[in-house]
Number of protein chains: 2
Amino acid sequence: MSQNEFFQRHQNTLEQALNAIQSRDYWTPYSENPSPRVYGEDANQKGEEAFKATLGNYFELEMPGITGEVAGEPSPYGIEMGVRYPQVDHNVLIPEMKKAMKAWRDAGVDTRAGVCMEILDRLNKNSFEIAYGVMHTSGQGFMMAFQAGGPHAQDRGLEAVAYAYRAMKEVPESATWTKPQGKHDPLVLEKKFHIVPRGVALVVGCSTFPTWNTYPGLFASLVTGNPVIVKPHPAAILPAAVSIKIAQDVLKEAGFPPYLVSMVVDTAEAPITKELATHKDIKLIDFTGSNFFGTWLEDNARQAQVFTEKAGVNSVVIDSVTDIKAVARNLAFTLSLYSGQMCTTTQAIYVPRTGIKTADGEMSFDDVAQTLATATSKFLSDIDRATMVLGAIQSCATEARIKECEALGEVVLASTKLEHPQFPNARVHTPLILKVDAADKETFSEERFGPVSFIIATDSTEHSLQLAGEVISEKGAITLGVYSTDAAVLEQAEELAMDVGVALSCNLDGGVFVNQSAAFSDFHATGGNPASNASLTDIAFVSRRFITVQSRRHQ
Amino acid sequence: MSQNEFFQRHQNTLEQALNAIQSRDYWTPYSENPSPRVYGEDANQKGEEAFKATLGNYFELEMPGITGEVAGEPSPYGIEMGVRYPQVDHNVLIPEMKKAMKAWRDAGVDTRAGVCMEILDRLNKNSFEIAYGVMHTSGQGFMMAFQAGGPHAQDRGLEAVAYAYRAMKEVPESATWTKPQGKHDPLVLEKKFHIVPRGVALVVGCSTFPTWNTYPGLFASLVTGNPVIVKPHPAAILPAAVSIKIAQDVLKEAGFPPYLVSMVVDTAEAPITKELATHKDIKLIDFTGSNFFGTWLEDNARQAQVFTEKAGVNSVVIDSVTDIKAVARNLAFTLSLYSGQMCTTTQAIYVPRTGIKTADGEMSFDDVAQTLATATSKFLSDIDRATMVLGAIQSCATEARIKECEALGEVVLASTKLEHPQFPNARVHTPLILKVDAADKETFSEERFGPVSFIIATDSTEHSLQLAGEVISEKGAITLGVYSTDAAVLEQAEELAMDVGVALSCNLDGGVFVNQSAAFSDFHATGGNPASNASLTDIAFVSRRFITVQSRRHQ
């Protein structure tokens, strides 16, 4: 396999991706439709078989410094996983990865982009296997695990490749510099510009989106020349492992050491991330997870460039609506999807205590709350749909939190435990919706990860916007939704979004949801409030992953 | 003055700048030739008059929160400056600047770029006044003060505008997103993307390059929408003040609050920078200066994005040459220019103790050292040329250091104090060149800011490269020069430059010098070793100064 074959194979797709990040219209090369017509008649069956074949077995990866095995993750669906993964001595692995970096650096931008795109293409072809892995580690329902864990994650990976590719290509490989000297001969210099990677990169994965939140950092670092260690969450290793195996296969075929992409696994009992993240040779870190650990990384991994996505309090402000039922249906889906375990799920819903305007007249605060609760319980009344949408609760801590939160306000919709038709041990719970007063700021302004939301009675829409702004600047947020039929209110919301650095969605009442973002078009997080210090994906996300080193000499 | 007039006036220059950063050929709109034919018959005289008119007087700037006056700087040329500057309560100033930011943000990219380019154009027209200010604060000779403090600094400012402009324009202002839904109507969203500044920016200037090292951060932050406070070095305020006055004039003409660019002055006795830099509303910091303070800022101003250029040990490796005299002349100029007070001046010169090859046969280590010493003393034998090139020693600490360093090795060329023909109190000293052994690593690997250099006897060129690499990775460097007639050695040097993130110049023996860099073509510093965490100017230098905030709604 010539190294450049991969680039040629995918060049057209790369060009389309480069157009897409500029036009920001809908685009993807990876279909989100898990249909046999798209992925092949037996794709689902083969994917499931491949997933099942890993269960109870040792998952092999090629890395220097393997010292033993680590027992893997449980499943929120209650099935026995029993996968074992290689345990690696990172003090052996990191120096070897550093050595391998030179060949990867010298391969150049096109070759690296070709390899990354071949990896993404094979990830796409293995979307079903990955989907089963994502489902049984994160707890996502199958359809979501397929879409968010497969094509949508691949989109985000490709987006990172495209951004980095553009940034690297903006530096010419060479230039002739000719400075006139009046009547004398000009000064002439031949210059070379090298794209030089920072060093070994670390991607610290999360348990809820083991591929979607891992691919951007992984591909942004890899395509810019940095070897990458993925340190998956101990509760969601398999989808990372399958992805890394694919990356290693492609690297090997292209003639590179496969361990340019490696995996270090730890356990909740013996965490390794702090040691790994502060290793002197780790120069880039991507992290998704808690505020506590994200801030710890920012404060302590000072030898590295650190990109973090942390917690926040995503908010919705309801001022006035045309069709409250459409709005309630839209929000019911947002609150239900994956039991609110998305970094984009709404937690705080601000409604004036005096009620809102609708096309059918005034509607009281209580009626708004009740309409939302009814829409949610109705949406989840079908058990098959409910379990597909809700998925399972990833961690026992999140499951326990639902109960703990019941006392935090007046219950508008109680959370109930559901029996999953296929997986009797699955942790399935419907959303808890509470009513609170604007005065209870401490209650609703702390992130309550999971299916818990607050409908907050405010003095007015102005008060709603002010409170939402305060909470977002202090605690962060990735999404803000605003419902209003008043152009002036939407204008105010637009100002607020700029002031607190949050993405705004206005009047979503159809098939687009505030908690969903589309790669190539939506920037996920801004890097401008406490919920993140970086966006997926913009120039700032890629440009610090390499430096430019020049040389010059006379002709 | 319509806001867009400035943009229209300078659009063509901006387009050329955008081409230049891509082609990296020689280009500038600001002539470095201080000739009357270029700048006008009376430009020099008027500039000198304007400079003299500031002496002994109060320098007015428009800022909220002025509480009094601060006495200004002394001159290394020994003239009485006696300028007084406004003292500002930054706790009044910063909130007002924050308020002013909104109008500046909402003005949009083109308007801001137009204003920045008009400021640069007027700075250019005032190059003589600024040159006298730079000369009498930094100690640079007039010609250098004109070029480096005038057009070359303006180049770096324009380069920052061009990089930031390109980065901001890569985000469309709006987009329509149309996602097909099979037989159903597509999902359609209208999206807006806002470029949102980070907040109030701070530029901490240095005493040696009060404009060259200030303009990149100033213009990068300003054009991306951030109000900017310049905190000049207490020893070099005037050139910053003149620049800020010009910026304020242009801002006012364009209808913006002039204090969008402000100046906070402190004294060596009562420094304010730490308090200013850790103010919660300061979101961007650009710093040029010592390792100690640069690292302090990185560690403590955690609320801000911090860009630092710090100390380093710039190095030259001599392996073999064609014409040792040409090489020695070239290096003599580098060591002499501004008495080595450039962040790019060579300090460590590695030569094998067994000597080097030249076109005329072998040359011993001692002869190489002697040739360099002779070339330097010969170059400086003419007092007018000497004082013009050497300039004056900026600080008393640097002056004292020359004496202190004499004992660090065997003196090859002693430093002598020269009498300046025009300024009898000027601190003028010729360079000190010392011979040391490679074993004395602690001696030559510490930055000795000023006219002090070491010729280091190594075991071989391989040893030279290895030592240079070690010192650069540990202590940092902005420049590395290598002299070799052997392609393999140059290849090794190229590898080394990539490994330690330093710009390489090969075989400079004519009119280009290792300590000089040309905007639009040379990247100044890489951000990849301890001498800096950012480059002037690349994508990473501009892309973290703004965030993108989006909104979306159905049509």
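Under an unreviewed UniProt entry, the name given to chain A is Phenylacetic acid degradation protein PaaN, and the source organism is Oceanospirillum multiglobuliferum.

A. Representation of the overall build of chain A within the structure. Summing up its helical and strand segments, chain A has 20 helices and 21 strands in all. Computed over its C-alpha atoms, the radius of gyration of chain A comes to 25 Å, within 12% of the 24 Å expected for a compact globule of 555 residues. Counting only C-alpha atoms and orienting by the principal axes, one finds that chain A spans roughly 80 × 70 × 45 Å. Within the span of chain A, comprising 555 residues, buried residues form 65% of the whole. Intrachain contacts of chain A at a sequence separation of at least 6 include 74% that bridge at least 24 residues. Surface summary for chain A: the accessible area is close to 19,100 Å², and the carbon and sulfur share equals 50%. The distance from the centre of the 47 positive side-chain charges to the centre of the 66 negative ones in chain A is 9 Å.

B. Summary view of the packing of helix 5 (residues 109–125) of chain B against helix 8 (residues 151–169) of chain B. Residue and element names in this part refer to chain B. Taken N-terminus to C-terminus, the directions of helix 5 and helix 8 make an angle of 170°; their axes are 10 Å apart at the nearest point. The angle between the axes of helix 5 and helix 8 places the two elements in the roughly antiparallel class. When helix 5 is examined against helix 8, the residues Val-109, Asp-110, Arg-112, Ala-113, Cys-116, Met-117, Leu-120, Leu-123 and Asn-124 are found in contact with a partner set consisting of Gln-154, Gly-157, Leu-158, Val-161, Tyr-165, Met-168 and Lys-169. Its residues assigned to classes, the contact of helix 5 with helix 8 shows ten nonpolar, three polar and three charged.

C. Representation of the interface of chain A and chain B within the structure. Listed by partner, the interface residues are 74 residues for chain A and 74 residues for chain B. Of the roughly 6,100 Å² buried between chain A and chain B, counting both surfaces, carbon and sulfur atoms make up 50%. By the criterion of area lost to chain B, the three top residues of chain A are A:Glu170, A:Met498 and A:Arg552, representing 12% of everything that side buries. Applying the counting rule to chain A against chain B returns 18 salt bridges. The salt bridge partner of A:Lys102 is B:Glu495, with a shortest N-O separation of 3.0 Å. At the surface where chain A touches chain B, the tally comes to 47 residue pairs in polar contact (both at pLDDT 80 or more). If you tally residues by element for the side of chain A that touches chain B, the top one is strand 21 (residues 546–554) of chain A, at eight residues.

D. Quick peek at the domain arrangement of chain A. Residues and elements named next belong to chain A. If you check the domain split of chain A, you get domain 1 (61–73 + 83–310) and domain 2 (314–506). Here domain 1 and domain 2 have C-alpha centroids that lie 34 Å from each other. Across the domain 1/domain 2 interface, buried area totals approximately 1,100 Å², and carbon plus sulfur atoms make up 67% of it. A per-residue breakdown of the area domain 1 buries against domain 2 is headed by Gly-139, Met-144 and Thr-208, which together make up 33% of the total. In this assembly, domain 1 and domain 2 are joined by zero salt bridges. In this structure, the connection of domain 1 to domain 2 is made through four residue pairs in polar contact (both at pLDDT 80 or more). Element by element, the count of residues in the side of domain 1 that touches domain 2 is highest for helix 6 (residues 127–138), at four residues.

E. Inspection of helix 5 of chain B at higher detail. In this model, helix 5 of chain B (17 residues) spans 24 Å end to end at C-alpha, consistent with the 24 Å of a helix rising 1.5 Å per residue. Counted residue by residue, helix 5 of chain B has 15 buried out of 17 residues, so it is predominantly covered.

F. Molecular detail of the environment of A:Arg385. Residue and element names in this part refer to chain A. When you line up the elements, Arg-385 lands in helix 15 (residues 383–390). Given the relative accessible area of 39%, Arg-385 is considered partly exposed. For the pair Arg-385 and Gly-141, spaced 244 residues apart in sequence, the C-alpha to C-alpha distance is 9.8 Å. In contact with Arg-385, other than residues within four places in its own chain, are Lys-378 and Phe-379.

G. The arrangement of the sheet that holds strand 18 (residues 452–458) of chain B in detail. The ten strands are arranged 3(A)-4(A)-21(A)-20(B)-19(B)-10(B)-11(B)-18(B)-17(B)-14(B) in an open sheet whose pairing can be described as mixed. In this open sheet, the two strands that pair with only one neighbour each are strand 3 (174–181) of chain A together with strand 14 (410–413) of chain B. For this sheet the average axis-to-axis angle between neighbouring strands, irrespective of direction, equals 25°. Note: strand 19 (residues 479–483) of chain B against strand 20 (residues 503–506) of chain B, four bridges, orientation parallel. From the neighbouring strand, B:Thr479 faces strand 20 of chain B, where its bridge partner is B:Ala503.

H. Fine view of the relation of the copies chain A and chain B. The transform that puts chain A on chain B rotates by 180° and translates by 0.0 Å along the axis, for an RMSD of 0.0 Å. On this basis, the relationship between the two copies can be described by a two-fold rotation axis. When C-alpha distances to the rotation axis are compared across chain A, the minimum falls at A:Ala540, with a value of 3.3 Å. A high fraction, 100%, of the interface residues of chain A reappear at the interface in chain B, so the copies pair face to face through one surface.

I. Region of interest: the sheet that holds strand 8 (residues 282–288) of chain A. Residues and elements named next belong to chain A. Spatial ordering of the open sheet is given by 7-6-5-8-9, a layout of five strands whose pairing is parallel. Looking at which strands have only one partner, the edges of the open sheet turn out to be strand 7 (261–263) and strand 9 (305–309). The sheet shows a mean angle of 15° between the axes of neighbouring strands, taken without regard to direction. Strand direction decides the pairing type here: strand 8 and strand 9, joined by five bridges, are parallel. In the sheet register, Phe-287 faces strand 9, and the bridge partner there is Thr-308. Of the strands in this sheet, strand 6 (228–231) and strand 7 are in contact with helix 10 (residues 238–253), which crosses strand 7 at around 150°.

J. Spatial organisation of helix 14 (residues 365–379) of chain A. Compared with the 21 Å implied by 1.5 Å per residue over 15 residues, the 21 Å span of helix 14 of chain A between its first and last C-alpha is a close match. For helix 14 of chain A, the set of buried residues is A:Phe365, A:Val368, A:Ala369, A:Thr371, A:Leu372, A:Ala373, A:Ala375, A:Thr376 and A:Phe379.

What counts, and at which threshold
Residues numbered from 1 in each chain as written. Chains lettered and ligands numbered in written order. Predicted model: local features only at pLDDT ≥ 70, side-chain atom pairs only at ≥ 80, totals over all residues. Heavy atoms only, no water. Helix = DSSP H or I, 4+ residues; strand = E, 2+ residues; numbered from the N terminus. Rg over C-alpha atoms; globule rule 2.2 N^0.38 Å. Buried < 20%, exposed > 50% of the residue type's maximum accessible area, 1.4 Å probe, protein only. Contact = heavy atoms within 4.5 Å. Areas by Shrake-Rupley, 256 points an atom, 1.4 Å probe, with all protein chains shown as cover. Lys, Arg positive; Asp, Glu negative; His and termini not counted. Charge placed at Lys NZ, Arg CZ, Asp CG, Glu CD. Axes fitted to C-alpha atoms, helices over the stretch in contact; angles between N-to-C directions. Parallel < 35°, antiparallel > 145°, perpendicular 65-115°, else oblique. Nonpolar A, V, L, I, M, F, W, Y, C, P; charged D, E, K, R; others polar. Buried area = accessible area lost by both parts, 1.4 Å probe. Salt bridge = Lys/Arg side-chain N within 4 Å of Asp/Glu carboxyl O. Polar contact = N/O pair within 3.5 Å; in protein donor to acceptor, adjacent residues only side chain to side chain. Domains from an automatic or database assignment. Expected span 1.5 Å × (residues − 1). Pairing = 2+ DSSP bridges. Least-squares fit on C-alpha atoms with pLDDT ≥ 70 in both.

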